[in-house]
Amino acid sequence: DKQTVSIDILVDVARMSDEESVRKIWTEYNAVAKKDEQLMAVVQNLLRSPVNQVSTTMTVDEMLGVDETSDKTRATMEADIAKLLRPVLESRGIALNTLNVMNIGVDPQYQAKLQEKSTAAIEIELAEQKAKQLEKQLEQEKAQTEIDLEKARRANLVAEEEAKVYEESAEAYELKR
């Protein structure tokens, strides 16, 4: 997705010990055979291409593991890089023992957008909860109104019956006064 990212990768490599590999590394890559610094410099240079190849097939969200619609993850990234890097290293007499993506850094603007997206998702969830709460409150208020209406209806019926007694009997009305 054309976002600028930095990827920190930790690799564990070793010089291969079979006779053909030892001979090849000694004759073709003598400095790598003798010095660990040279070995790591070669690995670092060879690592760039597989990292670029794999990272361009993934979005930053996939690399960070926040894309819920994709099955690509950091583990996928590590496996794909190792798959591309291993044969290149072995052709030079170097064995790849492990490869781990330690950190993925994103452009600050993109990171701010990710934060906004996360904040918006939380706000949506809170709004949905609030709406459900208000719906329940409305249902409770409607039920209470129904109860109050029923009480008032019954009180009116009682008052109506009492009024009938007073209408029918003037003596009852006088007693009540």
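Just above, that's the structure.
Below is a short write-up of the structure. Note that the coordinates shown come from a computational prediction; the quantities given were computed from them, not determined experimentally.

Glancing now at the overall build of the protein. Helices and strands together make up the secondary structure of the protein, namely 7 helices and 2 strands. Counting from the amino terminus, helix and strand elements in the protein follow one another as β-α-α-α-α-α-β-α-α. For 177 residues, the compact-globule formula gives about 16 Å, and the C-alpha radius of gyration of the protein, at 39 Å, lies well above that figure. Considering only C-alpha atoms, the protein reaches an extent of 130 × 35 × 20 Å along its principal axes. Looking at the protein as a whole, 21% of its 177 residues are labelled buried. Surface summary for the protein: the accessible area is close to 13,100 Å², and the carbon and sulfur share equals 51%. Positive and negative side-chain charges of the protein, numbering 24 and 35 respectively, have mean locations separated by a distance of 7 Å.

One can describe the packing of helix H3 (residues 36–55) onto helix H5 (residues 74–90) by two numbers: an axis separation of 9 Å at closest approach and a directional angle of 140°. Put simply, H3 runs oblique to H5. Crossing handedness for the pair H3 and H5: right-handed. Contacts from Val43, Leu46, Leu47, Pro50, Val51, Gln53, Val54 and Ser55 in H3 reach Met77, Asp80, Ile81, Leu84, Leu85, Val88 and Leu89 in H5. By residue class, the composition of the contact of H3 with H5 is 12 nonpolar, 2 polar and 1 charged.

This part is about H3. Taking 1.5 Å of rise per residue, the 20 residues of H3 would be expected to cover 28 Å, and the 28 Å separating its terminal C-alpha atoms lies within 8% of that figure. Residue Leu47 marks the point of greatest curvature in H3, where the axis turns by about 25°; the proline Pro50 follows within four residues. Within H3, burial applies to Leu39, Val43, Leu46, Leu47, Pro50, Val51, Val54 and Ser55. Tucked into the core, H3 has its buried residues touching strand S1 (5–15), helix H2 (30–34), helix H4 (60–64), H5 and strand S2 (94–106).

To continue, consider H5. Over its 17 residues, H5 runs 24 Å from end to end, which matches the ideal 24 Å to within 8%, given 1.5 Å per residue. Largest kink in H5: about 25°, centred on Leu84, with the proline Pro87 one to four residues after it. Met77, Glu78, Ile81, Ala82, Leu85 and Leu89 are the residues of H5 that are buried. Contact partners of the buried residues in H5: S1, H3, H4 and S2. At the N-terminal boundary of H5, the capping side chain belongs to Thr73, with an oxygen 3.3 Å from the backbone nitrogen of Ala75.

This part covers the nonpolar core. Counting residues in each nonpolar core, the largest one holds 24 residues, and the members touching the most others are Met77, Leu89, Ile94, Leu96 and Leu99. Aside from chain neighbours lying at most four places away, what touches Leu89 is Val13, Val43, Leu46, Ile94 and Leu96.

This next bit is on the environment of Asp61. Of note, Asp61 is situated in helix H4. Measuring from C-alpha to C-alpha, the distance between Asp61 and Leu114 comes to 8.8 Å, with 53 residues separating the pair along the chain. The contact partners of Asp61, leaving out residues within four places of it in the chain, are Val66, Asp67, Tyr110, Leu114 and Lys117.

Opposite charge on two side chains permits them to pair, given that their charged atoms come into close proximity. Following the criterion strictly, the structure yields 3 salt bridges and no others. Across the pair Arg15 and Asp36 runs a salt bridge, and its minimum N-O distance is 2.9 Å. On the criterion of sequence distance, the pair formed by Arg15 in strand S1 and Asp36 in helix H3 is long-range, its members being 21 residues apart. Here Arg153 ties to Glu150 by a salt bridge, and the two come within 2.5 Å at their closest N and O atoms. With Arg153 and Glu150 both in helix H6 (residues 108–168) and 3 residues apart, this pair spans about one turn of that helix. Members of the salt-bridge network, linked through shared partners, are Glu150, Arg153 and Arg154.

What counts, and where the lines are drawn
- Residues numbered from 1 in each chain as written.
- Predicted model: local features only at pLDDT ≥ 70, side-chain atom pairs only at ≥ 80, totals over all residues.
- Heavy atoms only, no water.
- Helix = DSSP H or I, 4+ residues; strand = E, 2+ residues; numbered from the N terminus.
- Rg over C-alpha atoms; globule rule 2.2 N^0.38 Å.
- Buried < 20%, exposed > 50% of the residue type's maximum accessible area, 1.4 Å probe, protein only.
- Areas by Shrake-Rupley, 256 points an atom, 1.4 Å probe, with all protein chains shown as cover.
- Lys, Arg positive; Asp, Glu negative; His and termini not counted.
- Charge placed at Lys NZ, Arg CZ, Asp CG, Glu CD.
- Axes fitted to C-alpha atoms, helices over the stretch in contact; angles between N-to-C directions.
- Parallel < 35°, antiparallel > 145°, perpendicular 65-115°, else oblique.
- Left-handed = near helix turned anticlockwise from the far one by under 90°.
- Contact = heavy atoms within 4.5 Å.
- Nonpolar A, V, L, I, M, F, W, Y, C, P; charged D, E, K, R; others polar.
- Expected span 1.5 Å × (residues − 1).
- Bend = angle between axes of the 7 residues up to and from the residue.
- Polar contact = N/O pair within 3.5 Å; in protein donor to acceptor, adjacent residues only side chain to side chain.
- Core = buried A, V, L, I, M, F, W, Y, C linked by side-chain atoms within 4.5 Å.
- Salt bridge = Lys/Arg side-chain N within 4 Å of Asp/Glu carboxyl O.

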